[in-house]
Amino acid sequence: MTVLRFPRGLYGVTPEWDDTDRLLLAVQQAAAGGMRTLQLRRKDVPDAARAAQARALAPLCRELGVVLMINDHWRLALEVGADGVHLGRDDGDLAEVRRLAPDLIVGASCYDELDRARRQMDAGADYIAFGAVFPSPTKPQAVHAPLALLGQARELTGQQPRPRPAVVAIGGITPQNALLAVQAGADAIAVITGLFEAPDIAAAARACAAPYAPASRPPAATE
């Protein structure tokens, strides 16, 4: 199996919940179902509220063995002892973050842009994320990234030094369509609504993680 710079499998992304106790319980349930990584994504809240949730999640994720990423805010990731940061188009220069925080895992949104993915990998990205691969209830106006793009991205990552960056798919992924993203080349699938708004979060996590089980994993895309 190819060694990656980022965990293969289910990558949960937090919904916009203010109730931290509810969030912590949901994270425990998702981890029980096989979630490998969690991203704290709080866009429109005061900095203090975001930081409070990050401080609550960090020790829980360490206890659960779940990699914790912080959306946008790399300094907050360092402050709370998170594992990494996810950067969008307007969240700072990835190369600069890599220089100032060399121990963080750094992921990058690449939307539907292979050229952007090349640049971000050259800057040191540990994963490149594409989406929305399906219609997204969280970001209904998001650009569409066709599934075929994931295979093309895998070919790009195969040209990088080993361990190679991971390819992450995001946008509208559910237990019902997760396999399609994995078969197309996603090393990890980022799921928000399909995971945390499910009636049974642990069951949804198991279903989303199932395509990564050794017995069911599809043949790897060209490395």
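Residue positions are counted from 1 within each chain, in the order its sequence is given. Under the rules for a predicted model, residues below a pLDDT of 70 receive no local features and side-chain atom pairs below 80 are neither given nor counted, while totals for whole chains, interfaces and linings still include all residues. Note that the side-chain values use all heavy atoms of the structure and ignore hydrogens as well as water.

Going by what an unreviewed UniProt entry lists, the protein chain is known as Thiamine-phosphate synthase and is assigned to Bordetella ansorpii. UniProt positions are given in the numbering used here, feature names are shortened, and annotations may be inferred rather than shown by experiment. Its UniProt record, at the heading Pathway (unreviewed entry), says of the protein chain: "Cofactor biosynthesis; thiamine diphosphate biosynthesis; thiamine phosphate from 4-amino-2-methyl-5-diphosphomethylpyrimidine and 4-methyl-5-(2-phosphoethyl)-thiazole: step 1/1." What the UniProt record of the protein chain gives under Sequence similarities (unreviewed entry) is the line "Belongs to the thiamine-phosphate synthase family."

It is worth spelling out the UniProt feature "binding site: 4-amino-2-methyl-5-(diphosphooxymethyl)pyrimidine" (unreviewed entry) in the protein chain at this point. According to UniProt, the feature "binding site: 4-amino-2-methyl-5-(diphosphooxymethyl)pyrimidine" (unreviewed entry) maps to Gln-39, Leu-40, Arg-41, Arg-42, Lys-43, Asn-71, Ser-109 and Lys-139 in the numbering used here. Assignment of secondary structure puts Arg-41 in the loop between strand S2 (35–40) and helix H2 (47–64). Contact between two residues is taken to exist if any of their heavy atoms lie within 4.5 Å; hydrogens are not considered. For Arg-41, the residues in contact, after removing those within four places along its chain, are Val-13, Thr-14, Pro-15, Glu-16, Asn-71, Thr-138 and Lys-139. Since its relative accessible area comes to 33%, Lys-43 is described here as partly exposed. Setting aside its immediate chain neighbours within four residues, Lys-43 contacts Glu-16, Arg-50, Asn-71 and Asp-72. At 3.2 Å, the side chain of Lys-43 forms a polar contact with the side chain of Asn-71. Runs of H or I in DSSP of at least four residues are treated as helices and runs of E of at least two as strands, each being numbered from the N terminus. Residue exposure (1.4 Å probe, protein chains only): buried if accessible area is under 20% of the type maximum, exposed if over 50%, otherwise partly exposed. Think of a polar contact as two N or O atoms within 3.5 Å of one another; within protein, one of them needs to be a possible hydrogen donor and the other a possible acceptor, and neighboring residues in sequence only count if both atoms come from side chains.

In this scheme, strands are said to pair when DSSP sees at least two bridges between them. Taken in spatial order, the 8 strands line up as S1-S2-S3-S4-S5-S6-S7-S8 and close into a barrel, and their pairing is parallel. Strand after strand, the sheet turns through a mean of 25° between neighbouring axes, direction not considered. Judged from the 4 bridges that link them, S2 and strand S3 (residues 67–71) form a sheet pairing that is parallel. Paired with Leu-40 across the strands is Ile-70, a residue of S3. Think of each axis as a best-fit line through the C-alpha atoms, taken over the contacting stretch in the case of a helix, with angles from 0 to 180 degrees between the N-to-C directions.

Here strand S7 (residues 166–170) lies mainly inside the structure; 4 of its 5 residues are buried. Here strand S6 (residues 127–130) runs beside S7; their pairing, made up of 4 bridges, is parallel. Counted as the bridge partner of Tyr-127 is Ala-166 from S7. Running through helix H6 (residues 148–157), the crossover from S6 to the neighbouring parallel element S7 is right-handed. Where S7 meets strand S8 (residues 188–191), 3 bridges bridge the pair, whose relative direction is parallel. From the neighbouring strand, Val-168 faces S8, where its bridge partner is Ala-188. With the strands aimed away from the viewer, a crossover counts as right-handed if its path from the first strand over the helix to the second runs clockwise.

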